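# Overview (structure and organization)
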Amino acid sequence: MSKGREGPAAGGGAAAVLLRYLREQNRPYSAQDAFGNLQREHGLGKAAVVKALEQLAQQGRVREKTYGKQKIYFANQEQLPAASDAELRGLDGEIAALSTKVQALRQSCRQMEAELKDLNSSMTTPEMAREMEELRKDCASYTEKLERIKSATNHVTPEEKERVCSQQKLYCKEWRRRKRMATELLEAILEGYPKSKKQFFEEVGIETDEDHNVTLPAAV
């Protein structure tokens, strides 16, 4: 079918169409891209496009660049008419306007990306409904537990609590005093003992707080 479509614009006609297209667009195209863009409107076959582009490149009317296995074609910039000062100023204005638009679009994209991230990290409606149901169950359980505590008859009065805390402080103070005395006495004995501290403890039968994983509470 490609051979049948080469007729209307084959040979010089294809070259003219491609040259005009490359100059109007003024951007690089591969033969495949040019064929895809022009085949419907001009009836160009791929073989005709490839041949015409190669001929235009040989004639110097278009430029050819090779990137790996692909060839890129674009209009010879030296053959394009030079822009006037007014046209250049107009192009500069268009570039500035488009740059401003691009910046605004980028900012808008960043905002939408942030909103999307927030939405993706938020719970869905079904998830929120399940969470609320779990919280209701927890509240009901805590309320029931609180009611049981309030209805209990074995509450500790503030006076009883103060008395127990005072006794604990007294006992810990005495514990600390006696431990210090025992430590000082043992250190004095060990100064003249020929064996190790561990052997002495085993022979005498001394058990320490550490042997029973007991820790003296910090002084308050």
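Notes on the structure in this doc start here.

Summing up its helical and strand segments, the protein chain has seven helices and three strands in all. Mapped from its N terminus to its C terminus, the protein chain presents α and β elements in the order α-β-α-α-β-β-α-α-α-α. What you see for the protein chain is a C-alpha radius of gyration of 46 Å, clearly larger than the 17 Å of a compact globule of 220 residues, by over 25%. Seen through its principal axes, the protein chain has C-alpha atoms that stretch 115 × 65 × 50 Å. Evaluated residue by residue, the protein chain yields a buried proportion of 16% over its 220 residues. A separation threshold of at least 6 residues defines the contact pool for the protein chain, and within that pool the share at least 24 residues apart is 52%. As displayed, the protein chain has an accessible area near 17700 Å², and 54% of this comes from carbon and sulfur atoms. A gap of 7 Å separates the mean positions of the 36 positive and 34 negative side-chain charges of the protein chain.

The next point concerns the sheet that holds strand β1 (residues 29-30). Here three strands make up an open sheet; going across it, the order is β1-β3-β2 and the pairing antiparallel. In this open sheet, the two strands that pair with only one neighbour each are β1 and β2 (62-67). Here β2 pairs with strand β3 (residues 70-75) via six bridges, running antiparallel. What sits directly across from Arg63, in β3, is Phe74.

Counted according to the given criterion, the structure contains eight salt bridges. Linking Arg136 and Glu133 is a salt bridge whose minimum nitrogen-to-oxygen distance equals 3.5 Å. One end of the pair, Arg136, and the other, Glu133, are both in helix α5 (residues 125-151), three residues apart, so they sit about a helical turn from each other. For Arg136, a relative accessible area of 48% gives the class partly exposed. Of the charged contacts in the structure, one is a salt bridge between Glu203 and Lys195, with a shortest N-O distance of 3.0 Å. Of the residues examined, Lys195 reaches a relative accessible area of 45% and is grouped as partly exposed.

What follows covers the packing of aromatic side chains. In total, this model carries three aromatic pairs according to the counting rule given. Ring geometry for Tyr21 and Tyr29: centres 5.2 Å apart, planes at 40°, overall tilted. Overall, Tyr21 belongs to the buried group, its relative accessible area being 13%. Ring geometry for Phe200 against Phe201: centres 6.2 Å apart, planes inclined by 55°, an arrangement best described as tilted. Of the two residues examined, Phe200 and Phe201, each falls in the buried class. Aromatic ring contacts, followed pair by pair, group Tyr193, Phe200 and Phe201 into a single cluster. Between Arg27 and the ring centre of Tyr29, over which it is positioned, the NZ or CZ distance is 4.5 Å.

The phi dihedral of Asn26 is positive, around 50°, even though this residue is not glycine. Note that Asn26 resides in the loop between α1 (12-25) and β1. The phi dihedral of Asn213 is positive, around 55°, even though this residue is not glycine. Relative to the elements of secondary structure, Asn213 occurs in the segment after α7 (197-204).

Bridging between β1 and β3 involves two bridges; their strand directions are antiparallel. Paired with Ser30 across the bridge in β3 is Ile72.

A few words on the nonpolar core. Ranked by size, the top nonpolar core spans 20 residues in total, and within it Leu18, Leu22, Val49 and Leu53 carry the most contacts. Secondary-structure elements contributing two or more residues to this core are α1, α2 (31-42), α3 (46-59) and β3. In terms of residue count, the dominant contributor to this core is α1 (seven residues). Setting aside residues up to four positions removed in sequence, Leu18 forms contacts with Ala34, Leu38, Val49, Ala52, Leu53 and Leu56.

What counts, and where the lines are drawn
- Residues numbered from 1 in each chain as written.
- Predicted model: local features only at pLDDT ≥ 70, side-chain atom pairs only at ≥ 80, totals over all residues.
- Heavy atoms only, no water.
- Helix = DSSP H or I, 4+ residues; strand = E, 2+ residues; numbered from the N terminus.
- Rg over C-alpha atoms; globule rule 2.2 N^0.38 Å.
- Buried < 20%, exposed > 50% of the residue type's maximum accessible area, 1.4 Å probe, protein only.
- Contact = heavy atoms within 4.5 Å.
- Areas by Shrake-Rupley, 256 points an atom, 1.4 Å probe, with all protein chains shown as cover.
- Lys, Arg positive; Asp, Glu negative; His and termini not counted.
- Charge placed at Lys NZ, Arg CZ, Asp CG, Glu CD.
- Pairing = 2+ DSSP bridges.
- Salt bridge = Lys/Arg side-chain N within 4 Å of Asp/Glu carboxyl O.
- Phe/Tyr/Trp six-rings, centres within 6.5 Å; stacked < 30°, edge-to-face > 60°.
- Lys NZ or Arg CZ within 6 Å of the ring centre and 35° of its normal.
- Core = buried A, V, L, I, M, F, W, Y, C linked by side-chain atoms within 4.5 Å.

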